[in-house]
Amino acid sequence: MSAYIVTVSITIGIYVILAISLNIITGYAGQISLGHAAFFGIGAYASGMLATRVGAPFFVCLPFAVVVTGIVGAILGIPCLRVREDFLAITTMGINFVVQAVFLYVPFFGGALGISNIPVPSIHGSDMTKPEYLIMVLLFILLSILVDGWLTRSWTGLALSAIREDETAAEMSGVNLTRFKVIAFVLGSAMAGLAGSLYAHFMSFISATDFGFAESIVILSMVVFGGIGTLRGPIIGAIVLGVAPELFRPILNYRTLLYGVMLVVLMRFQPQGLLGIDSFVTRTLKRLWKKETRGYEPAA
Amino acid sequence: MKKWILGGLISLLALCVGVGTLWAGEIKIGFFAPLTGFAAADGASAKNAVTLALEKINVSGGINGNKVKLVIYDDRVNPQESVAIANKLVERDKVVAVVSGSYSTPTRVTAPIFNKAGIPMVAAYAVDPSITRAGPYIFRTGFLGEVEGKAAGEVAVNLLKAKTIAMFTIDNDFGRALSKGFHERIKKFGGKVVYEHAFAIGTKDFSAMLTKVKALDPDLLFISGYYEEAALAVKQARELGLTCRIEGEEGFDSPKFLELAGDAANGVVITTNLNRDDPRPFVQNFIKAYKKKYGMEPDMVGASSYDAFMVVVNAIRKAGPNPKAIRKAIAETKDFDGLTGRITHFNKLGEAMKPVQVQIVKGGEFHYFGVISDPEIITPPNK
Amino acid sequence: MLGQQLINGFTIGSIYALIALGLTMVYGVLKILHIAHAGVYAMGAYIGLWVYRLVPNLFLAMLAAMFLSGVAGILIERFLYKSMLDKSRIVPLIASIGLFIAMEETFRIIAGPYVKAFSVHFRQKPWILGSARISAPQMLVFGVTIVLLVLLWWVITRTRMGKALRAVSMDREMADALGVATEKIILLSFFISSALAGAAGVLVGVFYNSVYPTMGDIPAYKALAIIVLGGMGSIPGTILGAFLIGISETFLIGYVNVPLPRDALAFIVMIAVLMFRPYGLLGKE
């Protein structure tokens, strides 16, 4: 496989994890977050700094990043419990700006130059190649999918969807709002931290500007574009919106315009997202599937 | 029958020659810049200048008879996209060399990729010091932030004789590096910074900072930033009645600065790399041609990108379209006559050594004010 | 210095107020986070500049910008938001973001990536009040803001339309049931709010002498912070929030050397207020 395709695939793979993680907070628990890139950044900085300052190996940095981001997610989740709905959305956006400013202004975090020369992970004493890295990213995607699957089948998942549908009603029927919201925040943040760690060791340079509000919007767009509240949605959203700018590359002048237009058109005509519940594509696929199975029926 | 065979042979020959020239006749050079998004104006300047250079070369027969093709990509100052672009340039487009017409972020993430692939890259105006440290295949024709900061400090204390100085520093790698060099130099000559405040890219309102500076009444206000912010800061300073001298740097160097700041721009002194009063004819010709083609004056970003591209072209002219040979030729560059001054050589790290120009705004135009060629100031670090 | 800093803060506050007011009105009637409002604002600036270059009359340029921006607002409501009202609130949000990106890119493609100067020559000399001075462009900002705010206040409190608008923003379904022509009122509020954004665009263009494709980037999120601070949908709250943010930014930068950028300061103020008043300064549950 060519290095170009591998590189693009790794980037998209990292976005898939980010989209799955944001979907836990926004899709399952219904808490709109406009600041997910903050947690992506915290993971990247935690991992990159542990690797460059302490010299820890990647397989120590990665879990460290996940834990740190999870803890920060819990701490920053507390102010978010005070506010609801759109107030929450804007609060998370504010958190994104503050986190980014801290990375940029506090010299401990490398200031405007960020963190440089983050080492490539090594296995058996030699540097991981790009295809190997891709395989690792794919494995982590698989892990994220498993976590997601466990969540949706568990009591926590049920509680979260109760909160999403109607917070007050959920509280009345005995769902501990605080507890489950914090669980969603911690889980979603920790997973974003995982993506951050993968990003840091892949890019080898990170700086505060990589994790701004615009990045949060990109991640949220992927979740909604693919179909919020489902597992397949965020995955397909990350893939389509990740591949599109690369496909549009030859039309230099219009590629960003086209990206915007895509979002508008899809929301206008398929507000459930590409593969959301009851979207056109999902219905068509279901119909085709049924027809096919029916076709085989007479044999029995 | 014979005629047929002859005809066939001739057309076969023509085809071979055709394919042959096609094979030999095209040298691909990669180029990336932010063509969409917030930095699109700089991307356009870089692209325009390089396109102008390219046309000139191809009209006059290309490099040693081979046409040059530029493969242009938009990076949006986004690191992930830049990494993809770098791989694409190396692998799909098979370019022999690359010019970065972009900011630090895209340039520094792509430098290790080009270095590993053995494709030389010349960065035009990206300032991050880690760029050239990626390896022997990476060069830079622009100034390092610290070198320019030192030169600006020299201008402040020795040309403008300032004792007390206020600073507005743009809060990115460029501003920080500049500030560091500036502090270093003025300290040596007893200059004192009485106020320093950082501001974000895109800041429009400087009134709070300027009001404070007015109360402190320094000899000089040194502002680092790009022309959008710079023009507003200078204009608001004069509107608030601040009378001290204002010094700027290469980010000011754009016709847009003069247009946006208007009369307030007069008397502003900047350090940059393009001398508008340069007597060398090709500099004046470039300025004229650029104006004719794009309807505006060239800026620092354009001139730097032009030079970076010409360094690559010159190397190919000497060494042929082989990446390894090109790298060697660039490293051996001696006294290259660029738009932005004479590059005496590239040091071990790949940093260009060239004088810093000092310009002053008079009557709404940039003019010569001085030049700094003291090696103590302009020598870039070696490791 | 204190006087001057207050004037500086009020200038910024006025600009913030004009941009945020429209956003809060839209939120009031539709409960939508209308990010593309910042695109309408930039569009207003471009229209104003274009008209001003044809006929150098600032008043005319401002009127044209307000009218056309208002029309753009109506079109956005009609063709985009109208179909999304019964959907999850994240749907219009993403559509709005997409529209904002597309608008910025369209400006760049049509008008070029470079900053355009919007130079207006003021004959008025600055007023000197002790050590402080108010420049002619600042007078313009104050003047226009006061006129527009008074006008808005009059429309909302003294006209039938205003009454209906308040009814819709309190409870759309109830107002509908009571026979208020909600459709018309929604369109009207989009027209007014987009016209305000257009006026703000022209003012900012003139005040900072610059119009460029991405000029809406910072207002896009700063205005959100302001309306949240004020209590989403509350008009007096938004005005209060705008001046609070404008003045606190100025004072924090002018007096305390906080090593944080202006935007982060605005958000810290916002988050701090929300911790004590989760529905904003003047917002109701």
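See above for the structure.
Here's what I pulled together on the structure shown here. (Residues numbered from 1 in each chain as written. Chains lettered and ligands numbered in written order. Predicted model: local features only at pLDDT ≥ 70, side-chain atom pairs only at ≥ 80, totals over all residues.)

1. Looking at the overall build of chain A
How we decide: In this text, helices come from DSSP runs of H or I with a minimum length of four residues, and strands from runs of E with a minimum of two, each type numbered from the N-terminal end. With C-beta atoms placed from the backbone, a residue counts as buried when 20 or more other C-beta atoms lie within 10 Å of its own, as exposed when 12 or fewer do, and as partly exposed for counts between those limits. Placing a C-beta atom from the backbone of each residue, one calls two residues in contact when those atoms lie within 7 Å.
Within chain A, the secondary structure is distributed over twelve helices and two strands. Each helix (α) and strand (β) of chain A, taken in turn from the N terminus, gives the series α-α-α-α-β-β-α-α-α-α-α-α-α-α. For chain A, the spread of C-alpha atoms along the three principal axes comes to 65 × 50 × 45 Å. Counting only residues that meet the buried cut, chain A has 57% of its 300 residues in that class. By sequence separation, contacts in chain A at least 24 residues apart represent 76% of the contacts at least 6 residues apart.

2. Digging into the overall build of chain C
Rules: Atoms considered for the radius of gyration are the C-alpha atoms alone. The globule rule reads 2.2 Å times the number of residues to the power 0.38.
Along its length, chain C carries eleven helices and two strands. Its helices and strands in sequence order give chain C the pattern α-α-α-α-β-β-α-α-α-α-α-α-α, from N to C terminus. A globule of 285 residues ought to have a C-alpha radius of gyration of about 19 Å, and chain C, at 19 Å, matches this closely. Judged by the C-alpha coordinates and their principal axes, chain C covers about 55 × 50 × 35 Å. Among the 285 residues that make up chain C, the fraction classed as buried is 60%. Restricting the contact set of chain C to residue pairs at least 6 apart, pairs at least 24 apart contribute 76%.

3. Thoughts on the sheet that holds strand β2 (residues 67–74) of chain B
All names here are of chain B. Where we set the bar: In this description, strands pair whenever DSSP reports at least two bridges between them. For helices, the axis comes from a line fit to the C-alpha atoms of the stretch in contact; other axes are also lines fit to C-alpha atoms, and the angle between any two N-to-C directions lies between 0 and 180 degrees.
The strand order across the open sheet built from five strands is β2-β1-β3-β4-β5, with neighbouring strands paired in parallel fashion. Each edge of the sheet is formed by a strand with only one pairing partner; in this case those strands are β2 and β5 (138–140). For this sheet the average axis-to-axis angle between neighbouring strands, irrespective of direction, equals 25 degrees. Pairing of strand β1 (residues 26–33) with strand β3 (residues 97–100), which is carried by four bridges, proceeds in the parallel orientation. The residue of β3 that forms the bridge with Phe32 is Ser100. In this fold helix α2 (residues 40–59) packs onto β1, β2 and β3, with an angle of close to 170 degrees to the strand it touches most, β2.

4. Section: the interface of chain C and chain A
What counts here: Ten residues, namely Ala, Val, Leu, Ile, Met, Phe, Trp, Tyr, Cys and Pro, are considered nonpolar, four, namely Asp, Glu, Lys and Arg, are considered charged, and the remaining ones, Gly among them, are considered polar.
Taken together, the contacts link 35 residues of chain C with 31 residues of chain A. Elements with a minimum of two residues in the side of chain C that touches chain A: α4 (90–111), α9 (217–230) and α11 (262–276) of chain C. The biggest single contributor to the side of chain C that touches chain A is α4(C), with twelve residues. Its residues assigned to classes, the side of chain C that touches chain A shows 29 nonpolar, three polar and three charged.

5. Observations regarding the interface of chain B and chain A
Listed per partner, the contact involves 25 residues of chain B and 23 residues of chain A. When residues in the side of chain B that touches chain A are grouped by element, the largest group, eight residues, is from helix α3 (residues 79–91) of chain B. Taken together, the residues of the side of chain B that touches chain A sort by class into eight nonpolar, seven polar and ten charged.

6. Considering the nonpolar core
In plain terms, the rule: As used here, a nonpolar core is made of buried Ala, Val, Leu, Ile, Met, Phe, Trp, Tyr and Cys residues. They are joined through C-beta atoms within 7 Å. Source of the domain bounds: an automatic or database domain assignment.
Counting residues in each nonpolar core, the largest one holds 343 residues, and the members touching the most others are Ala19(A), Val312(B), Ala199(C), Leu203(C) and Ala225(C). The two domains that each donate at least three residues to this core are domain 1 (10–143 + 279–350) and domain 2 (145–272 + 358–378) of chain B. Leave out the neighbours within four places in its chain, and Ala19(A) touches Ile219(A), Met222(A), Val223(A), Pro234(A), Ile235(A), Gly237(A) and Ala238(A).

7. Comments concerning helix α10 (residues 232–247) of chain A
For the record, the criterion: Given the number of residues in a helix, its expected span is that number minus one, multiplied by 1.5 Å.
Between its terminal C-alpha atoms α10(A) stretches 22 Å, which fits the 22 Å expected from 16 residues at 1.5 Å a residue. Residues Gly233(A), Pro234(A), Ile235(A), Ile236(A), Gly237(A), Ala238(A), Leu241(A), Gly242(A) and Pro245(A) constitute the buried set of α10(A). In the core, the buried residues of α10(A) are packed alongside α1 (3–28), α9 (213–226) and α11 (255–269) of chain A together with α3 of chain B.

8. A short note on the pairing of strand β8 (residues 220–223) of chain B
Residues and elements named next belong to chain B. For the record, the criterion: Here is how to tell: hold the view so the strands point away, follow the path from the first strand over the helix to the second, and if it runs clockwise the crossover is right-handed.
Residues Leu220 and Phe222 of β8 are buried on one face, and the alternating residues Leu221 and Ile223, pointing to the opposite face, are buried as well. Alignment of strand β6 (residues 164–170) against β8, held across four bridges, turns out to be parallel. Residue pairing across strands places Phe168 opposite Ile223, the latter belonging to β8. Sheet topology places β8 next to strand β9 (residues 245–248); three bridges connect them, and they run parallel. Each residue of the ladder has a partner; that of Leu220, found in β9, is Arg245. At this point the chain moves from β8, through helix α8 (residues 227–239), to the parallel β9, and the crossover so formed is right-handed.

9. A closer look at the pairing of β9(B)
Residue and element names in this part refer to chain B. Two strands pair when backbone bridges link them, and β9 and strand β10 (residues 269–272) are joined in this way by two bridges, in the parallel orientation. Note that in β10 the partner of Glu247 across the bridge is Val269. Handedness of the crossover joining β9 and β10 through helix α9 (residues 255–261): right-handed.

10. Some words on the packing of helix α6 (residues 160–170) of chain C against helix α8 (residues 182–207) of chain C
Residue and element names in this part refer to chain C. Operational definition: Roughly parallel means an angle under 35 degrees; roughly antiparallel means over 145; roughly perpendicular covers 65 to 115; every other angle is labelled oblique.
Contact geometry for α6 and α8: axes closest at 10 Å, N-to-C directions at 100 degrees. The pairing of α6 with α8 is recorded here as roughly perpendicular in orientation. On α8, the residues that touch Met161, Ala164, Leu165 and Val168 of α6 are Thr182, Ile185, Ile186, Leu188 and Ser189. Each residue belonging to the contact of α6 with α8 can be placed in one class, and the counts come to seven nonpolar, two polar and no charged.

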